Amino acid sequence: MNFRNYKFSLGLFLLMIAAIVNVSCEDDDDDMPKPMPIKENIVDIVIGNDNFSILAAALTKADLVDALNANGPFTVFGPTNAAFEQLFMDLGVSGIDDLSAEALTPILLYHVLGIQAKSTDLSNGYLETLNTFTPGDYPINLLVSFDSGVKLNNSANVTTADVMASNGVIHIIDEVLLPPDVVDIAIANATFSHLVDAVIKADLVDALKGDGPFTIFAPTDTAFEALFADLGINGIQDLSAEDLTPILTYHVVSGNVRAADVSTGTVSTLNTEADLEIDADGSGVIINGSSNVIATDVQGTNGVIHVIDKVLIPGAEEEAQSIADIAAANSDFSSLVAALDKAGLVETMDGEGTFTVFAPTNQAFQDLFNSLGVSGIEDLSVETLTQVLLYHVLGSKVMSSDINPGYVETLATNSPDMDPVMLRLDTDDGVKLNKETMVTSADIEAFNGVIHVIDMVLLPPNVVDIAIANDSFKHLVAAVVKADLAGTLSGDGPFTIFAPTDAAFEALFEAIGVDGIDDLSAETLTPILLYHVVSGNVRSDQVSTGMVATLNEGSMLDIDTSSGVTINGDTNVTATDIQGTNGVIHVINKVLLPE
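Residue positions are given per chain, counting from 1 as you read along its sequence in written order. Two thresholds apply to this predicted model, a pLDDT of at least 70 for residue-level local features and 80 or more for giving and counting side-chain atom pairs, whereas whole-chain, interface and lining totals are computed over all residues. Derived side-chain values reflect all non-hydrogen atoms in the structure, with water molecules and hydrogen atoms excluded from consideration.

Examining helix 8 (residues 193-201)
Burial here depends on accessible area, computed with a 1.4 Å probe over protein chains only, as a share of the maximum for the residue type. Under 20% is buried, over 50% is exposed, and the range in between is partly exposed. Strands here mean DSSP runs of E at least two residues long; helices mean DSSP runs of H or I at least four residues long; both are numbered from the N terminus. Turning to helix 8, its buried residues number three or more, namely His194, Leu195, Val196, Ala198 and Val199. The contact definition used throughout considers only heavy atoms, calling two residues in contact when any of these lie within 4.5 Å. On its buried face, helix 8 is in contact with helix 7 (182-188), helix 9 (205-208), strand 8 (214-219), helix 10 (221-231) and helix 11 (241-249). Count one or two residues on from helix 8 and you reach Asp203, which has phi positive near 60°.

A closer look at the pattern of salt bridges
Counted as salt bridges are all cases of a side-chain nitrogen of Lys or Arg within 4 Å of a carboxyl oxygen of Asp or Glu. For the structure shown, the criterion picks out eight salt bridges. A salt bridge links Asp426 to Arg424; the shortest N-O distance between them is 3.3 Å. Take Arg424: its relative accessible area is 15%, and that puts it in the buried class. Note that Lys435 is salt-bridged to Asp471, the shortest N-O span being 2.9 Å. Residue Lys435 is found in the loop between strand 19 (432-433) and strand 20 (437-446), and its partner Asp471 is found in the loop between helix 17 (463-468) and helix 18 (474-482); the two are separated by 36 residues along the sequence.

Things to note about the sheet that holds strand 2 (residues 112-113)
The criterion for strand pairing is that DSSP finds at least two bridges linking the strands in question. Strand order in this open sheet of seven strands is 2-1-7-6-5-4-3, and the pairing throughout is mixed. Single-partner strands in this sheet number two, and they are strand 2 and strand 3 (125-128). With six bridges joining them, strand 1 (residues 74-79) and strand 7 (residues 168-173) adopt parallel strand pairing. The partner of Pro79 across the bridge, within strand 7, is Ile173.

A look at the sheet that holds strand 12 (residues 286-287)
Where strands meet in a sheet, backbone hydrogen bonds hold them as pairs that are either parallel or antiparallel. Taken in spatial order, the seven strands of this open sheet run 9-8-14-13-12-11-10, and their pairing is mixed. The open sheet is flanked by strand 9 (252-254) and strand 10 (265-268), the only strands paired with a single partner. By the bridge criterion, six bridges tie strand 8 to strand 14 (residues 303-308) in an arrangement that is parallel. The residue of strand 14 that forms the bridge with Pro219 is Ile308.

Quick word on the environment of Leu340
By the secondary structure assignment, Leu340 is in helix 13 (residues 334-342). Between the C-alpha atoms of Leu340 and Gly92, which are 248 residues apart in sequence, the distance is 62 Å. Here Leu340 is in contact with Leu345, Val346, Met349 and Leu389, once residues within four sequence places are set aside.

Notes on the confidence of the model for the chain
pLDDT measures the predictor's confidence residue by residue and takes values from 0 up to 100. Of the residues in the chain, 93% reach a pLDDT of 70 or more, and the chain-wide mean stands at 91. Within the model, the stretch residues 1-30 combines pLDDT values under 50 with one contact to residues more than four positions away or in other chains.

Structural notes on the environment of Glu553
Position of Glu553 among the secondary structure elements: in the loop between strand 24 (546-549) and strand 25 (556-560). Separated by 223 residues in the primary sequence, Glu553 and Asn330 place their C-alpha atoms 55 Å from one another.

Remarks on the packing of aromatic side chains
Within 6.5 Å between ring centres, the rings of Phe, Tyr and Trp (the latter by its six-membered ring) count as paired, and their orientation is classed by plane angle as stacked under 30 degrees, edge-to-face over 60, tilted in between. Summed over all chains, the structure comprises four aromatic pairs. Note on Phe224 and Phe228: the rings are 6.1 Å apart at their centroids and 40° apart in plane angle, and the pair reads as tilted. Remark: Phe228 and Phe224 occur in helix 10; sequence separation between them is four residues, near one turn of the helix. The same class applies to Phe224 and to Phe228, which are both buried. Taking the centre distance of 6.1 Å and the plane angle of 45° together, the rings of Phe365 and Phe369 count as tilted. One end of the pair, Phe365, and the other, Phe369, are both in helix 15 (residues 362-372), four residues apart, so they sit about a helical turn from each other. The ring of Tyr138 carries Arg258 above its face, with NZ or CZ at 4.4 Å from the centroid. Whether a charge lies above a ring is judged from NZ of Lys or CZ of Arg, which has to be within 6 Å of the ring centre and within 35 degrees of the ring normal.

See below:
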C-alpha cells in the first residue's frame, strides 16, 4: 500500500472511532449496549427451517399457526422431517395428507408447554403439556430425563436445544411424541419396570389401554422388590398370571380421580372382591394403613397415575403402624427420624404406650438449624435433642377434636425438679402451639397414639418464653422488657413467678391514672416486678401459709392457703403450675404493690 494512502486511511479510521466514542459518551441514558431483540417467533423459525417443513404443514393443517403466533410464552419440542417420516412409516401412511386435523391436533399440542423452559430450566420429572384431550380435560404429562442427554418419555432425544424465539423456545427432537395412555406412561418410566413386566405377564395391557378412564396406584420398583423379599422370590418371573391379576386389578380404580378429588373412605377397585381403604385426613394419602402415595397426577389420555411406595395385596392383613413406623415412611419426617434415632427415642415411639406427637417437618428442622447456626442434627447433643423432642410429646392420645385452649404437660422434664414442661395450645385460628407454631395436618393415627404435623420445632420455654407466648401477659412482658429484666428472668433461676394478667394490669393503670406501661419508668417497674418473683421452683402443692421473701429485698408476700391461695389478702391465684425450664408461673388477678 502507498504510505500516503495508508496515512489517510488510518486518519479516517481514527476520526470514525472518535466520532463513535463521542456519541457513546453523550448518550447518558444508554451506557451499556442493549441486546438485540429476537424478531422471529416460533412459527417464523419453523417456517424458515427446511428441516421443519412437515411440522409447518402439520401446524397449518391442525389450524395451530395462529395459536403459536401468540405472545406465549411457549416451549416447543420440534420434531424434524426425519422424525415425522419415521412416524408415517410406523403408522403405515404416506404423509400429513393421510392424517386428519383431529388426529394431528392432540399430537402437536403434546409437543408444547405453556411456559418458556430453556434447557437449563429442565429437570428430571413430569411437565404439563397443552394437550388436554383427557377425561376431565386435564393436561397430559411429558417425562423429562437426563440419564443420557435430554430424553422425553425415555425415547425421544433433544438433538438441539434453546432455539430462542420472541415468544418462547424450541428444542429440536428426533422423534414425534404420541400422547401416552396409562400403560405408555408406565413403560416410559424406568421406575415402573417391574409393574410393566407384571402387567404384560398378566395379559392386562390391552385392558389398560382401553378407553377407561382408569386411576392407577402404581408401585415403584422398590415397592415390588420389597414384596419379592417378603415372598422369598426373585421377581415377577416367579409369579403366575393367576397370582398377578388380582394384585394388579387391586391397584386400579374406575374413573380419572385426581389428587384433589381423593377423600377418606372405602373405594372399589377393578378387583371386584377387594376394596381399598383410603386415608386422606392426615399428611398425604395412605392406602390400607401402610402404603403412601408419594407422587400424584401423572395424567395420560385414558386416566391418571398416582405413585405408591408399597404393593397392595388384596385380603392381606396390614400390620398396625406405630408412630415411629409412620414417621419413617414419610420422607418429610427424615430429620425427625434422625433426631429420634440420635436421642435413642425410636424404640419408645415404636412401642406400647399412648402418645400425641407434634411432628415438625424437614423444613421446620432446617429453619431451626438456620436459627441456631448449625448444619444439622449431628451438631446437636443427645441431651439437647432428647428434651427438645420430648417437648413435642404428650403422654396421652389427643385428637384434634379434643384439643382445647390452655396448657398441657409434655414429656420434657428439663425443669428444676424434673416436673413436666408445659405447652400452650390455642384454637382461635386453627391450632397453634406457643402462639407461633401451626398444626398443618392433624390426626394421623397409629396404634400407639396420634401425630399432628407442625411447621416449627418447639423449644422448651423458660418463664419469659411462657409469658411471651401467652396473649394474656402482654402488659407483663412489656413491663419486664422496659425494666430490663428479661435477661435476668431467662437465667438459670429457679424462679417462681406470680404473673398478673392483662386485666390485672389494666385495673392498676386505672387506679393510678396512667394509660399503660409507657407511662411508668423502669425505676418504678423494677421493684414492682421483683415483688412478683420468689426464689425456687415452688409448685402449688408446696405453697403454704406464711410470709415469703421475694427478689425485691425487704418486701415479703403474705400467703394464705386456707381457701385457695390468696396473696396479701386480696390477690387470688387463678391458675397454677405453668412449668418452664427455669421455674414455674402461677397466674394472679391483681398486680402486687410492695409497701
